[in-house]
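Chain residues, written in single-letter form:
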Amino acid sequence: MVDQDSGSTVALLQEEELADLQKRYTTSDGDLVLRHGRASLLLHWEERRLIRAMLRGDHELPVRVERPLAPSRDLPG
C-alpha cells in the first residue's frame, strides 16, 4: 500500500490481509482510506496494530494498492 499524498510505501500485505482491509475501508468512490474509528474488534490483532502504526496520530490515511510486478524472465540469448 502506498500513501497517496507522499507516494511512500506504508505497508506490504498478503492478498488475504488486503482483502480484509478493502472490505472495511473502501469508500463509496472506490478509494481506500484507513481510519482509526473503523479499526473494529473484528479485525485481527495484527491488522489493528498495522493500522495504528500506519496512521501514527493521523485521523485517516488515503492509500492506493500497487501490486508487485511479475518476475522478469531471462530471454534466451
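Whatever comes next refers back to the structure up there.
Residues numbered from 1 in each chain as written. Predicted model: local features only at pLDDT ≥ 70, side-chain atom pairs only at ≥ 80, totals over all residues. Heavy atoms only, no water.

1. Things to note about the pairing of strand 3 (residues 60-64)
Reasoning step 1: Along strand 3, the buried face is formed by Leu61 and Val63; none of Glu60, Pro62 and Arg64, which line the opposite face, is buried.
Reasoning step 2: Bridge count for strand 1 (residues 2-3) against strand 3 is two bridges, and the pairing is antiparallel. Within strand 3, the residue paired with Val2 across the bridge is Arg64. (Buried < 20%, exposed > 50% of the residue type's maximum accessible area, 1.4 Å probe, protein only. Helix = DSSP H or I, 4+ residues; strand = E, 2+ residues; numbered from the N terminus. Pairing = 2+ DSSP bridges.)

2. Focus: helix 1 (residues 15-25)
Note on helix geometry: an α-helix contains 3.6 residues per turn, so any two residues three or four positions apart are oriented the same way.
Reasoning step 1: Of the positions making up helix 1, those classed as buried are Leu18, Asp20, Leu21 and Tyr25. Viewed end-on, helix 1 has its buried residues packed into an arc of 160°, placing them on one side of the element. Of the exposed residues in helix 1, those oriented more than 90 degrees away from the buried face are Glu15 and Lys23.
Reasoning step 2: Looking at the buried side of helix 1, the elements it contacts are strand 2 (32-35) and helix 2 (45-55). (Arc of directions from axis to C-beta. Contact = heavy atoms within 4.5 Å.)

3. Let's talk about the sheet that holds strand 1
Reasoning step 1: With antiparallel pairing, the three strands of this open sheet are ordered in space as 1-3-2. Edge strands, defined here as strands with exactly one partner in the open sheet, are strand 1 and strand 2.
Reasoning step 2: Across the sheet, helix 2 touches strand 2 and strand 3, and the angle it forms with strand 2 is around 95°. (Axes fitted to C-alpha atoms, helices over the stretch in contact; angles between N-to-C directions.)

Everything listed here is a matter of coordinates, which is why it stays silent on function.
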